[in-house]
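Examination of the molecular architecture
These are the residues of each chain, in order.
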Amino acid sequence: MITARAAASFDPQGRSVAAARAFVRDTLQGWGFADIVDDAVVLTSELVTNAVVHAGTRAEVLCLRTGDGVRVEVADRYPERELPLQHPGDRPYADPDRENGRGLMLCAALATRWGVEYTSAHKHVWFRLDLPDRPVGTRSAGPVVPDQLLPLADSRVRVAVLQIDSAGTVSAWNEDAEIIFGHLASKAVGRPLAELAAWPQTPGTGTGIAEALRLSRWEGSYGIRGADGRVIPVYASHLRVRDAHGEPSIVCLLVHDDERALLQSPARVPLDGGQLTETRPTDPFEIFIGSPAPDDLDGLLQRTVERARDLLDADSAFLLLATDDETELEVRATTGLPSTRQRFARVPVEAGTNRYGSARMPAVHEDLVVVPGAVPLLEATGMRSAITVPLKVEGRLTGSLGVATEMPGRYSNDDALRLQFAADRIALAVESARLGELERLRRGSLSFLVEASDLLAGTLDRDQTLALMAQMTVPTLATWCAVYTIADQASDPFLSYVLHEDEERIDGLKALLAQVSPPEPVRESGARPWPETSLAVGGETVVLPLLARNRVIGMLTLGKPSEEHFRQEILELAEDLSRRAALALDNARLYSERTAISRSLQRSLLPPGSPTIPGIEVEVIYRAAGEGNEVGGDFYDVFPIRPGVYGFAIGDVCGTGPEAAAVTGLARHALRLLAREGLGGPAVLERLNAAILDEGDRSRFLTLLYGELHPQPDGGAHMKVVCAGHPLPLRLRPNGEVTSAADPQPLLGVLDDLDLYEQTLTLDPGDVLLCVTDGVTERREGTRMLGDDGLAEVLTTCTGLTAGAVASRVLRAVERFAAEPASDDMAILAFRIPRQRDGD
């Protein structure tokens, strides 16, 4: 009789095989069939591989539960009609040396019964596994042990029960959770679990919190951030369920990490307590680690220390991995110790105080009180006796495994040999997993640095660069970050930017850092500790110099809370990032300085202001194109020559940059000096032309409209103008008539001998004289150009307007002529003779 069923479908891609294994494992474990899980997973893996890899079709997996076993069906959409019959000559239907066909051989070897069924569109391979006989009502049991050896738990055992919805958000939070973590249910419900959990995952490796919440069942250790900000280590058991409407959620049971025995699943052992049967090959690694072995390094190391602790009935166990040069050991997994605080801490290998002098050979420490510092990791933990044994691969030290207990004289040399035997069994697997982790870290680091370089190269703004530096380090590399900048070698470091992964703590962190003297600028690359900040802020703090163009321009400070340590790989990644960030920050500084100089020079090329001319309205509008990083181009000026006479000019130098700026400055200042010497317009421009030609290679062409303005007592004005290659000035009459007010003449900076002449005109009340640069007339939209005619058409609509209104209307018309921003500077100079009634 079928009592339960579970089905899943998997796409034809490589990762579907692992997903199918996980589906079958979780299903059978949920049904309580732990004794046949491994066989079912092996068979499913082979059959799904045949479907999605070899046949290239979707695989449909169906699990059927009966009272005495389970039937698993794997169907694909490749209905091959060839039956797996015995070939002539007693050749087997599958070759063990070939990949395809192996699933059928395994079915024959492991399954109670199996078979192949065909339909018109599917092929089904099924197998059945019967449960072994066992006493009714027994799931698992442990031996009778003395009371003093039982696991410790608080007198009032508290189990936090959380429910997480499909979006990863807390939907239920029981009373024990409030007491353990300090968060009221009203404050916790509705928050993502990722905000509360301190997940023990190195970037690029292992299973992240999002992946764990998608699994049907998960068990392991992590931390929960309490209401006071401390991380509380917990052991958790997650079970994915669904309600009557099919909506999935995750039920999480959590206890303090040192009470993990309340939730931790017991290790699987052979039912008869003896050796595995001959049909199941004996693997020393599998015997020690258990099956299945964790597929990530952190899981493997944690399983190792737990097995080592159980093997020698210890109170604690620990595992350290060696650096590439074998000079240091890094704490990677512990049990029975404050693991979160010690994780990734490093100690030297050589002999001496606070060094693992026995790292290369097995060692029994009968009483650590007598020899303090022999095992630095165990200081102030209450552990008295310990064993440490090396992990070696091909004679090279790759790590150290140890166990410890609170009883002195607990261990003997025989115990050390047992632990060494176990260490030898797992050393190769650990080293292989470590190399895989390093490769994933390397790929992740390269991707991180490429993305960081792209982001930093995308801005030349100093403040944005500082923000990017901090945002790229928090929380990927550190819990908080502070950036100090140094304006020049004589200046003290200045705290420029602070970021914390908890935004509510940023202001408090700033206040704490303000009370501490800034770190000393040091040119040596690499991270160094900053103990002053560690005392004030708490936790571990490191400083990396920001070196650019042979000088220290600042410091990048990274911090972690007290229970965490920086890994060497993370520090090396931070060092690479600091070099890129320093160059980006210095580029932003240079760009800001250049922009400031450019703008200052641009302002110096324009007049400080326009004089007030009695009886005449004057309006000037100047718009520089681009981002203000170029100088030169258009210029204008209105200035007094002598009482009752005013000069004006509007011009455009060919090109931009320093050479154009030099000609612009020369022109504006020379015009004022020559005009005030009493020279007429042609003489002024001829001498300016000679001065431009004297600049040699730095000379530039210059178009210029120059004139003198003589206000008249009756309200009009006489004007004398010379138009040297410049767009012609336009005159607007009160009746809307627009005419040119000058004739074109040669531009400046080309010919040595110019024959310029002066033209006169009279502006009557109501008349407007409009002067512009070619940035106005040459405004383009595709193949269309505004031109002189278009400007004249705009000007005809300006009758009766003030000089300021005329200039503004012309500017709006130019801006609306094309959707794209203007690519050339624009200057607009408007004069208007007001009518008598304008002032009424």
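Residues numbered from 1 in each chain as written. Predicted model: local features only at pLDDT ≥ 70, side-chain atom pairs only at ≥ 80, totals over all residues. Heavy atoms only, no water.

1. Concerning the environment of Met785
Locating Met785 in the fold gives a position in strand β33 (residues 784–785). Met785 gets classed as partly exposed once you look at its relative accessible area, which sits at 39%. C-alpha of Met785 to C-alpha of Phe817: the two residues are 32 residues apart in sequence and 8.6 Å apart in space. (Helix = DSSP H or I, 4+ residues; strand = E, 2+ residues; numbered from the N terminus. Buried < 20%, exposed > 50% of the residue type's maximum accessible area, 1.4 Å probe, protein only.)

2. Concerning helix α20 (residues 803–817)
Here α20 contains 15 residues, and its C-alpha end-to-end distance of 21 Å stays within 8% of the 21 Å for a straight helix at 1.5 Å per residue. All buried positions along α20 are accounted for by Ala803, Val806, Ala807, Val810, Leu811, Val814 and Phe817. Looking down the long axis of α20, one finds its buried residues gathered within 130° of arc, a one-sided arrangement. (Expected span 1.5 Å × (residues − 1). Arc of directions from axis to C-beta.)

3. Describing a negative patch on the surface
Residues Glu686, Asp752, Asp753 and Asp755 make up a contiguous surface patch of negative charge. Relative to the assigned elements, Asp752 resides in the loop between β29 (738–740) and β30 (759–763). (Patch = residues over 30% accessible without salt bridge, like charges linked within 9 Å, V, L, I, M, F, W, Y side chains within 5 Å. Areas by Shrake-Rupley, 256 points an atom, 1.4 Å probe, with all protein chains shown as cover. Salt bridge = Lys/Arg side-chain N within 4 Å of Asp/Glu carboxyl O. Lys, Arg positive; Asp, Glu negative; His and termini not counted. Charge placed at Lys NZ, Arg CZ, Asp CG, Glu CD.)

4. Remarks on the nonpolar core
In this structure, Leu671, Leu685, Leu688, Leu702, Leu704, Tyr706 and Leu748 are the most contacted members of the largest nonpolar core, which totals 51 residues. A total of 7 residues in this core trace back to one element, the largest contributor, which is helix α16 (residues 658–676). The residues touching Leu685, leaving out its near neighbours within four places in the chain, are Leu671, Leu704, Tyr706, Val722, Ala724, Leu748 and Leu756. (Core = buried A, V, L, I, M, F, W, Y, C linked by side-chain atoms within 4.5 Å. Contact = heavy atoms within 4.5 Å.)

5. Remarks on the pattern of salt bridges
This model, assessed by the stated rule, comprises 32 salt bridges. The salt bridge partner of Arg58 is Asp11, with a shortest N-O separation of 2.1 Å. Taken together, the residues span a long stretch of sequence, with Arg58 in the loop between α2 (37–55) and β2 (59–66) and Asp11 in the loop between β1 (2–10) and α1 (15–30) at a distance of 47 residues. Its salt-bridge partner being Glu195, residue Arg191 comes within 3.4 Å of it at the nearest N-O pair. Linked by salt bridges that have partners in common, Arg549, Arg551, Asp586, Arg589 and Glu593 make up one network.

6. Overview of the sheet that holds strand β10 (residues 231–242)
Strands in a sheet are paired, the pairing made by backbone hydrogen bonds, and the direction either parallel or antiparallel. Reading across the sheet, the 6 strands line up as β7-β6-β11-β10-β9-β8 and stay open at both edges, with antiparallel pairing between neighbours. Each edge of the open sheet carries a strand with a single partner, namely β7 (170–173) and β8 (197–198). Sheet analysis places strand β6 (residues 160–165) next to β7, joined by 3 bridges and oriented antiparallel. Among the inter-strand pairings, Gln163 is bridged to a residue of β7, identified as Ala172. (Pairing = 2+ DSSP bridges.)

7. With respect to a nonpolar patch on the surface
Side chains of Phe701, Val750 and Leu751 sit close together on the surface and give an oily, nonpolar patch of about 270 Å² of accessible area. Relative to the assigned elements, Val750 resides in the loop between β29 and β30.

8. Brief notes about the sheet that holds strand β34 (residues 826–832)
With antiparallel pairing, the 5 strands of this open sheet are ordered in space as β23-β34-β31-β28-β29. One side of each edge strand has no neighbouring strand; the edge strands of this open sheet are β23 (617–623) and β29. Each adjacent strand pair in this sheet contributes to an overall mean axis angle of 20°, direction not counted. Taken together, the 5 bridges between strand β31 (residues 768–772) and β34 define a ladder with antiparallel strand orientation. Looking at β34, one finds that Cys771 is bridged to Leu829. The strands touched by α20 are β23, β31 and β34; relative to β23, the strand with the most contacts, the crossing angle is about 25°. (Axes fitted to C-alpha atoms, helices over the stretch in contact; angles between N-to-C directions.)

9. Topic: unusual backbone geometry
That bond from Val474 to Pro475 is cis: its omega, 0°, falls within 30 degrees of zero. Looking at the element boundaries, Pro475 is found in the loop between α12 (462–473) and β18 (480–485). The phi dihedral of Ala380 is positive, around 60°, even though this residue is not glycine. Inspection of the secondary structure puts Ala380 in the loop between β15 (363–365) and β16 (385–393). The exposure class of Ala380 is exposed, given its relative accessible area of 87%. The phi dihedral of Arg549 falls on the positive side, at around 50°, and the residue is not glycine. Turning to its location among the elements, Arg549 is positioned in the loop between β21 (540–548) and β22 (551–560).

10. Topic: the packing of aromatic side chains
Applying the stated criterion across every chain, the model contains 7 aromatic pairs. The ring of Trp126 carries the charged tip of Arg71 above its face, separated from the ring centre by 4.2 Å. A cation over a ring is seen here: Arg784 above Phe817, with NZ or CZ 4.4 Å from the ring centre. (Phe/Tyr/Trp six-rings, centres within 6.5 Å; stacked < 30°, edge-to-face > 60°. Lys NZ or Arg CZ within 6 Å of the ring centre and 35° of its normal.)

11. Brief notes about the pairing of β18
A regular strand places its side chains on the two faces of the sheet in alternate fashion. Burial within β18 is extensive, with 6 of its 6 residues counted as buried. Alternating positions in β18 separate into two faces, Trp480, Ala482 and Tyr484 on one and Cys481, Val483 and Thr485 on the other, with burial throughout. Across 6 bridges, the pairing between β18 and β22 is antiparallel. When the bridges of β22 are listed, Thr485 appears paired with Gly554. The pairing of β18 with strand β19 (residues 494–500) spans 6 bridges and is classified as antiparallel.

12. Looking at the pairing of β21
Of all the 9 residues making up β21, 7 are buried; the element is thus mostly covered by neighbouring parts of the structure. By the bridge criterion, 2 bridges tie strand β20 (residues 528–529) to β21 in an arrangement that is antiparallel. Looking at β21, one finds that Arg528 is bridged to Val543. Sheet analysis places β21 next to β22, joined by 9 bridges and oriented antiparallel. Opposite Leu547, over in β22, you have Val552 as the bridge partner. The turn joining β21 and β22, which pair antiparallel and follow one another in sequence, is formed by 2 residues; a positive phi near 50° is taken by Arg549.

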